[in-house]
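Overview (structure and organization)
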Amino acid sequence: MKTILAAIGRAVIEGLSGAGRGLLLLRAIVLQTHHAWRMRREIAEQMQVIAIGSLPLVIVTSIFVGAVTAVQAVYQMQAYVPMKFLGTVISKSVFIELGPVLMALVVGSRLCANYAAELGTMKVTEQLDAMNIMAIDPVRYLAMPRFWAAVLMIPVVTVFCDAIAILGGYVASVMTLDVSSGVFIEGLQMFYKHSDLLGGLIKSFVFGGIIAMSGIYFGMNTKGGAEGVGRSTMTAVVGSCLSVLVGDYLLAIVLFQIVFEKT
Amino acid sequence: MQQTWDIPPPPDQRAPDPATFNGIVVEGVSKSFGPKKVLDGTDLLIHKGETLVIIGRSGEGKSVLLKHIVRLLEPDAGRIWAEGHEVSALEHGPLMDLRKRFGFLFQGAALFDSMSICKNIGLMLEEHTDWPRRRIRERACECLRQVGLEGAEDKLPSELSGGMKKRAGLARAIVMEPQYILYDEPTTGLDPITSDAINDLIIQLQKELGVTSIVVTHDMPSAFKIADRMAMLSRGRIVFTGTVDEVRTTTHPMVRQFIEGRSHGPLGAF
């Protein structure tokens, strides 16, 4: 019993001190942001990695998310709710929840693993030490461009996902679910609020930060060799996914129960 | 019964005032990793312009000592001085300024594998000078010529052999014409001919650029060839310092066992 309690205590202390170090790293990254113009090429390169590298994944995921949402919605609604609300259900689900969260989980995991593995390998092969010796701050040169690339590009990818998912929902509804095009589009326009789209984008902006921080933090703190890189990549992805889900709940309360509720 | 040996104080333990000493002073540095004490009150002087070779068995903390000098590691106790600056107490800005005067050749070269060799070598110039790209490339090519790697500038590190990587790492270390170059096992894993070429480069750099070199190695032929002075690290302390001739003729049991490569003696076998 004592051993279990000690292990729990150790895990809690390690978790809290890790969170503290993560916040210090975030602070250091934010303090280096004034170098963003100088590092514009590196930021653009990282943005390109996210945008172009994730494109096939985003397209496939989004089409099927929209289509599955349409199928499920029709199944739930058929006896009770008029089909003119189908477009509304799909657009609200995609804008508020599915777009931001799925992109954060799918594209985010890919990105987080990429950051953690790349920086982790640099750490264990002394490349980060070499950078320090060359009087180049790895936080400025490596972490800051990756952080802002993720924060800026995850919302862009999410907007792209929203559009394709709705298109996927439309195609599935019209071609396989016997819903007319006019009814679907009428539903899309009904009850549309800018706050739905804006709320989703604010979420994805925060998720971008969470994903980047998880990958960068665990990557830069990798210990050991190949096994260490594998471990830190896995921890970064799991940490990122869990943080996104917890953050989603907290943001849902703040945005849709407090901020947009009052406007 | 295993015989124990008194560890005599190194001759340069009577250090001058570190704040005025023109070189590097390591003063009572201790470092532990978990329960393992790697450095235990290490003292060492490195004079300006000399090539000091630090020898010792694997795992004795030679690389750890080297990393302390440029503060890649923080000591648990003790201080390090470089040209009158206490390295272990410098703020971020002055530390970065000091590091610009150092070159470091890592054991595995530590080249940035996503960058071309030219970019690897020119990165420091890109970051710390306002030179145009063409001039940076010219300087990178010049450094590559110095290490016998002309034509490799557009290659990626993964396209180079181990010896070529080491030489590219050396080109990167000298690009800013540093006053100090720290070499972490520069010849380990290389064939004898490439090892000798690296040794010649180290000697040539010292003669041509007048740099102070600190070389960590357990490759004795290399150590004898390049050293002005040698220091032996054992059990976390410098147990012997002397010139190459003094090392050759010493009766110090640890040094004798090490340079003769015997498994029996005060250093033990494992």
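For every chain, the first residue of the written sequence is number 1, and numbering continues from 1 onward in sequence order. Whichever chain is written first becomes A and whichever ligand is written first becomes 1, with later ones labelled in order. It should be noted that, the model being predicted, local features are given only for residues of pLDDT at least 70 and side-chain atom pairs only at 80 or more, the latter also being counted only at that level, while totals for whole chains, interfaces and linings use all residues.

**Brief notes about the overall build of chain B**
- A helix here means a DSSP run of H or I that spans at least four residues, while a strand means a run of E at least two residues long, and both kinds are numbered starting from the N terminus. Broken down by element type, chain B carries nine helices and 10 strands.
- Over its C-alpha trace chain B gives a radius of gyration of 19 Å, about what one expects of a compact globule, namely 18 Å for 270 residues.
- Its C-alpha atoms give chain B principal-axis dimensions of roughly 65 × 40 × 35 Å.
- With C-beta atoms placed from the backbone, a residue is buried if 20 or more other C-beta atoms are within 10 Å of its own, exposed if 12 or fewer are, and partly exposed between those counts. Looking at chain B residue by residue over its 270 residues, the buried ones come to 45%.
- Think of it this way: build a C-beta for each residue from its backbone, and any pair within 7 Å is a contact. Sequence-distant contacts in chain B: of pairs separated by 6 or more residues, those separated by 24 or more amount to 63%. We compute the radius of gyration from the C-alpha atoms alone; for a globule the expected value is 2.2 Å times N to the 0.38, where N is the number of residues.

**Here's the deal with the overall build of chain A**
- Helix and strand counts for chain A come out as eight helices and zero strands.
- Secondary structure elements of chain A, listed N to C terminal, follow the sequence α-α-α-α-α-α-α-α.
- Projected onto its principal axes, the C-alpha positions of chain A cover 65 × 55 × 40 Å.
- Across the 263 residues of chain A, 42% fall into the buried class.
- The long-range fraction of contacts in chain A, counting pairs at least 24 apart against all pairs at least 6 apart in sequence, stands at 88%.

**Concerning the interface of chain B and chain A**
- Each partner contributes to the interface: chain B provides 15 residues, whereas chain A provides 10 residues.
- Counting residues per element, the ones that place at least two in the side of chain B that touches chain A are helix H2 (92-99), strand S6 (102-105) and helix H3 (117-128) of chain B.
- It is H3(B) that provides the largest number of residues to the side of chain B that touches chain A, a total of four residues.
- For this scheme, ten residues count as nonpolar: Ala, Val, Leu, Ile, Met, Phe, Trp, Tyr, Cys and Pro. Four count as charged, namely Asp, Glu, Lys and Arg, and the remainder, Gly too, count as polar. Taken together, the residues of the side of chain B that touches chain A break down into 10 nonpolar, two polar and three charged.

**Notes on the environment of B:Trp131**
Residue and element names in this part refer to chain B.
- Mapped onto the elements, Trp131 comes out in the loop between H3 and helix H4 (133-146).
- Note: C-alpha distance between Trp131 and Pro266 (135 residues apart in sequence) is 54 Å.
- Not counting the four nearest positions on each side in its chain, Trp131 is found in contact with Leu125 and Ile136.

**Things to note about the packing of H3(B) against helix H5 (residues 162-174) of chain B**
Residues and elements named next belong to chain B.
- Axis definition: a line fit to C-alpha positions, over the contact stretch in the case of helices; interaxial angles, taken between N-to-C directions, run 0 to 180 degrees. Taken N-terminus to C-terminus, the directions of H3 and H5 make an angle of 25°; their axes are 8 Å apart at the nearest point. One way to sum up the angle between H3 and H5 is to call them roughly parallel. H5 is crossed by H3, and the crossing has right-handed handedness. Contacts between H3 and H5 involve Ile117, Asn120 and Ile121 on the former and, on the latter, Ala168, Ala171 and Arg172. Comment on the angle field: the value is read as roughly parallel under 35 degrees, roughly antiparallel over 145, roughly perpendicular from 65 to 115, and oblique elsewhere. Here a crossing is called left-handed whenever its near helix is offset anticlockwise from the far helix by less than a right angle, and right-handed whenever the offset is clockwise.

**Section: the sheet that holds strand S7 (residues 180-184) of chain B**
Residue and element names in this part refer to chain B.
- Spatially, S6-S7-S8-S3-S9-S10 is the arrangement adopted by the six strands of the open sheet, whose pairing is mixed. The strands lining the two open edges of the sheet, one partner per strand, are S6 and strand S10 (237-243). Taken pair by pair, the neighbouring strands of this sheet meet at an average axis angle of 15°, ignoring direction.
- Two strands pair if DSSP finds at least two bridges between them. Bridging between S7 and strand S8 (residues 212-216) involves five bridges; their strand directions are parallel. In the sheet register, Ile181 faces S8, and the bridge partner there is Ser213.
- Packed onto the sheet, helix H6 (residues 192-209) meets strand S3 (51-55), S7 and S8 and runs at close to 160° relative to S8.

**As for the sheet that holds strand S2 (residues 36-47) of chain B**
- Across the sheet, four strands lie side by side as S2-S1-S4-S5 (chain B); this open sheet has antiparallel pairing. One side of each edge strand has no neighbouring strand; the edge strands of this open sheet are S2 and strand S5 (85-86) of chain B.

**As for unusual backbone geometry**
- A positive phi angle is found at A:Ala135, which is not glycine, with a value near 60°.
- If you trace the backbone, A:Ala135 turns up in the loop between helix H4 (127-133) and helix H5 (138-176).
- Of note, B:Glu177 is a non-glycine position whose phi angle comes to about 50°, a positive value.
- With respect to the helices and strands, the residue B:Glu177 is situated in the loop between H5 and S7.

**A closer look at helix H9 (residues 253-260) of chain B**
Residue and element names in this part refer to chain B.
- Along H9, the positions that sit buried rather than exposed are Met254, Val255 and Phe258. Looking down the long axis of H9, one finds its buried residues gathered within 95° of arc, a one-sided arrangement.
- Considering only its buried residues, H9 is in contact with S3, strand S9 (229-234), S10 and helix H8 (244-249).
- Immediately beyond the C-terminal end of H9, within one or two residues, lies Gly261, with a positive phi of roughly 65°. In this context, the arc is that of the directions from the helix axis out to the C-beta atoms.

**Quick word on the confidence of the model for chain B**
Residues and elements named next belong to chain B.
- For chain B, per-residue confidence averages 86 on the pLDDT scale, and residues scoring 70 or more make up 93% of the total.
- What pLDDT expresses is the predictor's confidence in each residue, scored from 0 to 100. Considering only residues more than four positions removed or in separate chains, one finds that residues 1-7, a stretch of pLDDT under 50, has six contacts.
- Of the two predicted TM-score estimates for the complex, the pTM is 0.86 and the ipTM is 0.86.

**As for the packing of helix H2 (residues 40-77) of chain A against helix H3 (residues 86-124) of chain A**
All names here are of chain A.
- The interhelical angle for the contact between H2 and H3, taken along N-to-C directions, is 145°, at an axis separation of 9 Å. Crossing angle aside, the handedness with which H2 passes H3 is right-handed. In contact with Ile50, Ser54, Leu57, Val58, Thr61, Val65, Gly66, Thr69, Ala70, Ala73, Val74 and Met77 of H2, H3 contributes Leu86, Val89, Ile90, Ser93, Val94, Leu98, Leu102, Val106, Val107, Arg110 and Leu111.
- Of the residues belonging to the contact of H2 with H3, the class tally is 17 nonpolar, five polar and one charged.

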